[in-house]
Amino acid sequence: MIRDLQRFSVDRWTAALSTVLLAGTFLRLYRLGDESFWLDEITSIVDATTNTSVELLALPFIKGHLPLYYILLRNWIAVFGTSEASVRFLSAIFGIATIGAVYLVATRLYDRWIGLLSAGFLAFSPFHIYYSQEARMYTLLALLATLSFYWLVRVAESNSRYNVVGYLLTTILLAYTHVFSLFILLAQNLYVFIAPLLRQRDARTVSLRHWIEIQAVIGALISPWLLYMLYSLLAPANGDDQFLEWLSEPELDALYNLPVTYFRGYDGYAMPEAVLFLLFCLLVGLAVVGAAGYARRSVADQSAVPTIHRAVEGHHEAALLGLWVLVPVIVPFIASHLVSPMFLDRYTIPASVGLFVLIAAGVRNLRYRHLRLIVAIILVVAVLGSSLPGYYATEHKAQWDETAAHVEENAEAGDLVVVSESYTQTLFLYYFEREDVTVEPVDSSISDDELRAIVDNHDGVWVVLAHLDEEERQRITGVMEESHERVEDESYGGTTSGLELYYYEHAEEEGQSNEGGV
């Protein structure tokens, strides 16, 4: 990888890549700290700051989270603090680095044109920008998966010690980041075992014996967590609880929406989804069907595009990228129905990187140069760029900081704050500092009588409702209105979760209210 970077001269390719990196950096840092932390981010901060690095190694056995990101976050917070911008900056760094990583792997597989377009897709992707602005491990997962594939391509080219160490290091770090790294390893192993069957002239594949030795090293180093994580994913089949128990079985339209989400994120539509999905299918089809033709064409016309020596060619490119995209999506989708729910779009973020490369290769395979340029501009500007104004104009996360600040400013000493569900209390208390106001969590398991007993002795009650269905929300507010009168209500919710704040005052007894008129 270092030698790849040293080959660049100050030319149009370097200038173009620098522009893409600068644009991607700006988009990931813009308004980085504007929104409040949400539940998962607070969980990251609490886990990282209340445990030592050694204790974090046991995190998979306690919460099902692999430890690498939390160890990095712990040391990052020790230096840069816990403000929204500083904590999220670590994820932004990983997101920016992924832009350069996808350029390297796409250039290695194809050429600089495809590498640059792949980097452009990722730089402007609202999906990747969103997770680059969230204090979670998803951009680290995308970065390490991309680097792992990069080093796999290099190992296929030459099994030198330098390449093998690069692959081992990035893949082991990947395996310590997220349980979905197992699907990346599965995709890579499928490729290595399928590649010899393609029988393409001059294509280079990894020696199976050497590959098994490499995988044995990886397996040995991740075995303490591997067996437990596999057991956790299979826990429902054994009648036990599991760490993804809050997920439900995905519908079939989740697969339809996924490539659209990779490009447009969660806000705004550059074009109707059906049209966008059909366009993506066309481009991916061009990449898969035309890969062999592109390889032959590049050999015949070396002057067309500056190239770097390829580790895999033709059908091997399509096989590698196809498995990169499909395995982390299809396997957990099927397992969600056959074993236990585990499918979530953000867990598949490594697949989005491979998809960007496939689509960039599809654009490159268009026959006419001007048509390639037009389609590339449409995808980057019209599809990706037009979604960004909606992204930055929308509050995605519930604004817990504003909620806590409003209560702090307006509550009287002795007031009660009722927070729905114990786990959301952590969010509220992260921003709330007053000690003369009682904060009481109310789980959905609490009975109506127990709730009455909690609130009856307080004249002023603030009710914070989040992560509730409508039936539970109505139950809590109904009990409150038996003895208290609603004076104020505010909404601080974002697009991903609702957050409502109510203020109640103790209702006067009917006899007391008429006493003055006697």
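Our subject is the structure listed above.
Residues numbered from 1 in each chain as written. Predicted model: local features only at pLDDT ≥ 70, side-chain atom pairs only at ≥ 80, totals over all residues. Heavy atoms only, no water.

Trainee: How do you make sense of the sheet that holds strand β5 (residues 499-506) when you look at a structure like this?
Mentor: For sheets, the rule is that strands pair by backbone hydrogen bonds, running either parallel or antiparallel. The strand order β2-β1-β3-β5-β4 describes an open sheet built from 5 strands, whose pairing is mixed. Of all the strands in the sheet, the pair left with one neighbour each is β2 (438-442) and β4 (484-491). Neighbour-to-neighbour, the strand axes of the sheet open up by a mean angle of 20°, direction not taken into account. Taken together, the 4 bridges between strand β1 (residues 416-420) and strand β3 (residues 460-466) define a ladder with parallel strand orientation. In the sheet register, Val417 faces β3, and the bridge partner there is Trp462. Across the sheet, helix α21 (residues 400-410) is in contact with β1, β3, β4 and β5; its angle to β3 comes to roughly 180°. Against the sheet, helix α23 (residues 448-455) engages β1, β2, β3 and β4, with an angle of about 150° to β1. (Pairing = 2+ DSSP bridges. Helix = DSSP H or I, 4+ residues; strand = E, 2+ residues; numbered from the N terminus. Axes fitted to C-alpha atoms, helices over the stretch in contact; angles between N-to-C directions. Contact = heavy atoms within 4.5 Å.)

Trainee: Would you take a moment to explain the packing of aromatic side chains for this structure?
Mentor: Between two aromatic rings, the relevant description is the distance of the centres plus the angle of the planes. Within the structure shown, the criterion is met by 28 aromatic pairs. Ring plane angle 75° and centroid distance 6.4 Å describe the contact between Tyr130 and Tyr391, whose orientation is recorded as edge-to-face. You can see Tyr130 sitting in helix α9 (residues 126-132) and its partner Tyr391 sitting in helix α20 (residues 388-393), a full 261 residues away along the chain. Considered together, Tyr130 and Tyr391 belong to a single accessibility category, that of buried residues. Three or more aromatic residues link up through ring pairs in this structure, and these residues are Phe26, Tyr30, Phe127, Tyr130, Tyr131, Tyr138, Phe180, Phe183, Tyr262, Tyr347, Tyr391 and Tyr392. Positioned above the aromatic ring of Trp113, the side-chain terminus of Arg364 is 5.8 Å from the ring centre. Lying over the aromatic face of Tyr130, Lys397 brings its terminal NZ or CZ to 4.7 Å of the ring centre. (Phe/Tyr/Trp six-rings, centres within 6.5 Å; stacked < 30°, edge-to-face > 60°. Buried < 20%, exposed > 50% of the residue type's maximum accessible area, 1.4 Å probe, protein only. Lys NZ or Arg CZ within 6 Å of the ring centre and 35° of its normal.)

Trainee: Explain the side chain of Gln133 to me, please; I cannot follow it from the model alone.
Mentor: Take Gln133: it is sitting in the loop between α9 and α10 (138-157). With relative accessibility at 6%, the residue Gln133 sits in the buried group.

Trainee: Explanation requested: the packing of α10 against helix α11 (residues 161-175) in the structure shown.
Mentor: Helix-helix packing is characterised by the crossing angle of the two axes and by the distance between the axes. At a closest axis distance of 8 Å, the pairing of α10 and α11 adopts a crossing angle of 155°. Of the possible angle classes, the one that applies to α10 and α11 is roughly antiparallel. In this structure, α10 meets α11 at a crossing whose hand is left-handed. Seen from α10, the contacting residues are Leu141, Leu144, Ala145, Leu147, Ser148, Trp151, Leu152, Arg154 and Val155; seen from α11, they are Tyr162, Asn163, Val164, Gly166, Tyr167, Thr170, Thr171, Leu173 and Leu174. Tallied by class, residues from the contact of α10 with α11 come to 12 nonpolar, 5 polar and 1 charged. (Parallel < 35°, antiparallel > 145°, perpendicular 65-115°, else oblique. Left-handed = near helix turned anticlockwise from the far one by under 90°. Nonpolar A, V, L, I, M, F, W, Y, C, P; charged D, E, K, R; others polar.)

Trainee: Before we go on, may I ask you to explain a negative patch on the surface in this structure?
Mentor: Residues Glu412, Asp459, Glu485 and Glu505 make up a contiguous surface patch of negative charge. Mapped onto the elements, Glu485 comes out in strand β4. For Glu485, a relative accessible area of 52% gives the class exposed. (Patch = residues over 30% accessible without salt bridge, like charges linked within 9 Å, V, L, I, M, F, W, Y side chains within 5 Å. Areas by Shrake-Rupley, 256 points an atom, 1.4 Å probe, with all protein chains shown as cover. Salt bridge = Lys/Arg side-chain N within 4 Å of Asp/Glu carboxyl O. Lys, Arg positive; Asp, Glu negative; His and termini not counted. Charge placed at Lys NZ, Arg CZ, Asp CG, Glu CD.)

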